[in-house]
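What follows is the residue order along each chain.
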Amino acid sequence: MAPRGWFAFLNPQSGAEMPLAVRLFFAALTGAGLSLSFTGFYLQIYSWVSIGLLLILVIGPKARVAFFCGFLNAVAFVLTSVPWIATVLSVHGGLSPAGGWAVLLLIAAAWGILTGGFAWCVNRIGQRDRVLACIAAPFLWVTFEFIRAHLPEISFPWNLLGYPAATNLALAQLTTITGIYGLSFLVAAFNALIAWADVAPKLVTLKKVGLVGGVTAAILLVMLLGGRLVPTPVANHSARVVQPNFPEVESYGQDWFGTHQDELKDLEDLSLSSSAKNPDLIIWPEAPAPFSWQDQHFAKLASNIAIRSGKPFLAGTIEWKTEKLPSGLLTQVPYNSAVLTDPQGQKVFTYDKIHLVPFGEYEPFPLIHRVVASVSSEVGGFRKGTNRVNGTLPNGFKFGVYICYEAIYPGEIREFANHGANVLINISNDGWFGKSAAADQHLRMARVRAVENRRWLLRVTNNGITAAVDPYGRTYTAIPRDVRGAADLPYDFRTDKTLYTRLGDWFAWLCVLVSFILVGRIFLKKPSNDATM
C-alpha cells in the first residue's frame, strides 16, 4: 500500500474517512488561522500554510463536502479578520449589535460562496488527477479573488492573500509586473506545494522534503536578503499634510463653521506654519465635516490657505452639483470629491469619487433603501463620479487623487499613473474604524498601489494612519493616530511606467483563462475512480 501523506489525519485513506464535522471544523480553523496574517501581530507565516491545509481537506471527499469546507473557511476568515464591519455598523450606523453582525454574516456568506467555489473546482479536478488539482489551485485562487474584486455593486477586494507577503520589501517588487494578484499566486502556489507533498504519497518522502525545503529556502533567501537590492529613492519635495482628527458625527449643525471656528483656526495654523523643508503642497483629507466649495465659509478658508502659503491646497469636500431628474426637475446632488485650490485662491480641479462604498455612500440595490438609510444617514446618497482624471500642479507635474475605499482597487488606481500621474495621493477618513485593525489593513493595501505603479504615495487621513510611501514600498509616518497634527512628508515625481501600469491585470486574466480551461476539462470527461495522485 502507498505510504500515507504528511497530514494523513486531515485526509485519511478510504475506509478511515474523517467525520464530516471534524473536516468542517478544521476547514473553519484554517480560515481563522489565515486571519492572523491580517490582524494582531500580522504574522505572514499563516498565509503561507493555511490554504495548503484547506487544500488537503478538500482534495478527496465528495464535491459538496469540499464546497462547504471552502465556505466555512471563508466565513471564519471574515468573522476573525474584519469583525470591525459589525462594530462600524452598530456604533456609527444606527444598527443594533445583532444587526451589525447579521450584515457581517451576509458579507461572510458571499465570500464563502466564492471560496466554496474554489474548493469545489479543486476537488473536481482532483477526482481526475490530484497533482493537477494542486497545479490548478493558485490559478483558481487568483481567479476567485479577481471575481470578488469585480462583483457588480458589492465588490470588496479587502485582505487579498498576497498582502501579507507584500510587507516584505523584496517580494513586493513582483507587483510592478503582475499587480497584487501575482503575490496572491505566489503564496497560493506555495500552499499548493504543501498540499501536493501530502496528496502525492507515491513519491519518496525524502524527495518531498527536499523539494519543499528547497523552495522554502529560496523564498526565505529572497525575503531576508532581497531587500538589500531594492533602491532607496531620493525625495526632492515635501507636502504639508494635516490630520484634523474630527470626531465621527451623524449630522452637522446649522452653524457648524461658527461652533468649530477654533478648531478650524488650529488647522489653518498647522497648514501655514513655517518649516525648514519648505513644503510645496498642502493636503487635507476626507473628513467628517461639511466642507464644500459651494459653502462660502469653506471656499474662503481654502482660498485663504492657498493665497497665504503661496502653495496649491488639496482637500476632501462634498461638492453639490445641479442635475436633472428623470421627471425633468432640477436638483442639487452631492459628490464625495477632492478639490484643488491654486495659489491665487481659485478652484482649478475637482475629482469626484467613482467607486463608492456600497451601503455606505450609495444604495447598490433599491430594495434595501430602508437599511441603507439607517446605516448611513450622513453620507448615503452620493452620486458616482464618471471621470478618472488627473490634476496638474503649478510646476506642470500631474497628480492622481483617489478617495478612501478606492485604494483597494489596483486596476483602477493604475489608470491614474497610466494616464500621466507623476505622484499618487490618497485622502481618507478612517475614523469610522475606531481602534480596530481596519486602519492598518487599509494602509497595508494602499501601500501596494505605490509599488505597483512606481509612484510616491501621499496618504492623508482624518485620524490616522497618515503616511508617505516611496515607489518601492517604504513607509514614512510622522503623526500619531487619533491626534490633530501636521507633518511634512517626502515625495517626488516619476515619469516611468511599470509593466503593471501599462498592461493592468493581465496576469489575473491569464489565471482566469487557465482556470476556465482546467475547470472545463471537468465536464469533458468523467472523473477516474482510481485517481490517487
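Definitions and cut-offs
Residues numbered from 1 in each chain as written. Predicted model: local features only at pLDDT ≥ 70, side-chain atom pairs only at ≥ 80, totals over all residues. Heavy atoms only, no water. Pairing = 2+ DSSP bridges. Helix = DSSP H or I, 4+ residues; strand = E, 2+ residues; numbered from the N terminus. Contact = heavy atoms within 4.5 Å. Axes fitted to C-alpha atoms, helices over the stretch in contact; angles between N-to-C directions. Buried < 20%, exposed > 50% of the residue type's maximum accessible area, 1.4 Å probe, protein only. Right-handed = clockwise from strand over helix to strand, strands pointing away. Patch = residues over 30% accessible without salt bridge, like charges linked within 9 Å, V, L, I, M, F, W, Y side chains within 5 Å. Areas by Shrake-Rupley, 256 points an atom, 1.4 Å probe, with all protein chains shown as cover. Salt bridge = Lys/Arg side-chain N within 4 Å of Asp/Glu carboxyl O. Polar contact = N/O pair within 3.5 Å; in protein donor to acceptor, adjacent residues only side chain to side chain.

J.: When you look at the sheet that holds strand β6 (residues 391-392) in this model, what are you seeing that I'm missing?
T.: Strand pairing in a sheet is mediated by backbone hydrogen bonds. Such pairs are either parallel or antiparallel. With mixed pairing, six strands are arranged side by side in an open sheet as β6-β7-β8-β9-β10-β11. Strand pairing shows two members of the sheet lacking a second neighbour, β6 and β11 (475-477), which therefore form its edges. In this sheet, strand β8 (residues 423-428) lies alongside strand β7 (residues 398-403) in parallel orientation, the contact comprising five bridges. Looking at the pairing, Y402 lines up with N426 of β8. Each of β7 and β8 is contacted by helix α16 (residues 410-418), which is oriented at about 160 degrees to β7, the strand it contacts most. Packing against the sheet, helix α17 (residues 438-453) makes contact with β7, β8, β9 (457-461), β10 (467-469) and β11, and its axis sits at approximately 155 degrees to β9.

J.: Looking at this structure, how should I read the sheet that holds strand β5 (residues 347-352)?
T.: The six strands lie next to each other as β5-β4-β3-β2-β1-β12, forming an open sheet whose pairing is mixed. Of all the strands in the sheet, just β5 and β12 (485-491) have a single pairing partner and so form its edges. Pairing analysis gives seven bridges linking strand β1 (residues 237-243) to β12, with the strands arranged antiparallel. The residue bridging S238 from the neighbouring strand is P490, located in β12. Against the sheet, helix α13 (residues 261-272) touches β1, β2 (282-283) and β12, its axis set at about 170 degrees to β1.

J.: Quick question: what am I supposed to make of the pairing of β9 here?
T.: It is a general feature of regular strands that their side chains alternate between the two faces of the sheet. The element β9 is extensively covered by neighbouring structure, given that five of its five residues are classed as buried. Where β8 meets β9, five bridges bridge the pair, whose relative direction is parallel. Among the inter-strand pairings, L424 is bridged to a residue of β9, identified as L457. Running through α17, the crossover from β8 to the neighbouring parallel element β9 is right-handed. Relative to β10, β9 runs antiparallel, the two sharing three bridges.

J.: I'm lost on a nonpolar patch on the surface in this one. Help?
T.: Where nonpolar side chains cluster on the molecular surface, the patch consists of L36, F41, L43, I45 and Y46 and spans about 510 Å² of accessible area. When you line up the elements, Y46 lands in helix α2 (residues 45-58).

J.: Where do I start with unusual backbone geometry in this structure?
T.: Excluding glycine, residues mostly have negative phi values, and the peptide bonds linking residues are mostly trans. In this chain, G464 is followed by I465 through a cis amide linkage whose omega measures 15 degrees. Along the chain, I465 turns up in the loop between β9 and β10. Its identity is not glycine, yet N159 carries a phi of approximately 60 degrees, on the positive side. Relative to the elements of secondary structure, N159 occurs in the loop between α6 (130-149) and α7 (163-166). Not every positive phi belongs to a glycine, and R454 is a case in point at roughly 50 degrees. Here R454 is to be found in the loop between α17 and β9. R454 sits in the buried class, given a relative accessible area of 13%.

J.: Just checking my understanding: could you explain the pairing of strand β3 (residues 313-324) for this structure?
T.: One ladder, built from two bridges, connects β2 with β3; its direction is parallel. Its bridge partner lying in β3, I283 is registered against L314. Sheet topology places β3 next to strand β4 (residues 330-341); twelve bridges connect them, and they run antiparallel. Its bridge partner being in β4, T322 is matched across the sheet by Q332. In sequence, β3 turns back onto β4 through a hairpin of five residues, with G328 there showing a positive phi of about 100 degrees.

J.: Teacher, can you tell me more about the environment of Q441 here?
T.: On the secondary structure map, Q441 appears in helix α17. Q441 gets classed as buried once you look at its relative accessible area, which sits at 2%. As a C-alpha pair, Q441 and W158 span 283 residues in sequence and 8.3 Å in three-dimensional space. Other than its neighbours up to four places away in sequence, Q441 contacts F38, T39, Y42, S81, V82, W84, W158 and N159. A distance of 3.0 Å separates a polar atom in the side chain of Q441 from the backbone oxygen of F38.

Note that all results are geometric; they support no functional claim without further evidence.
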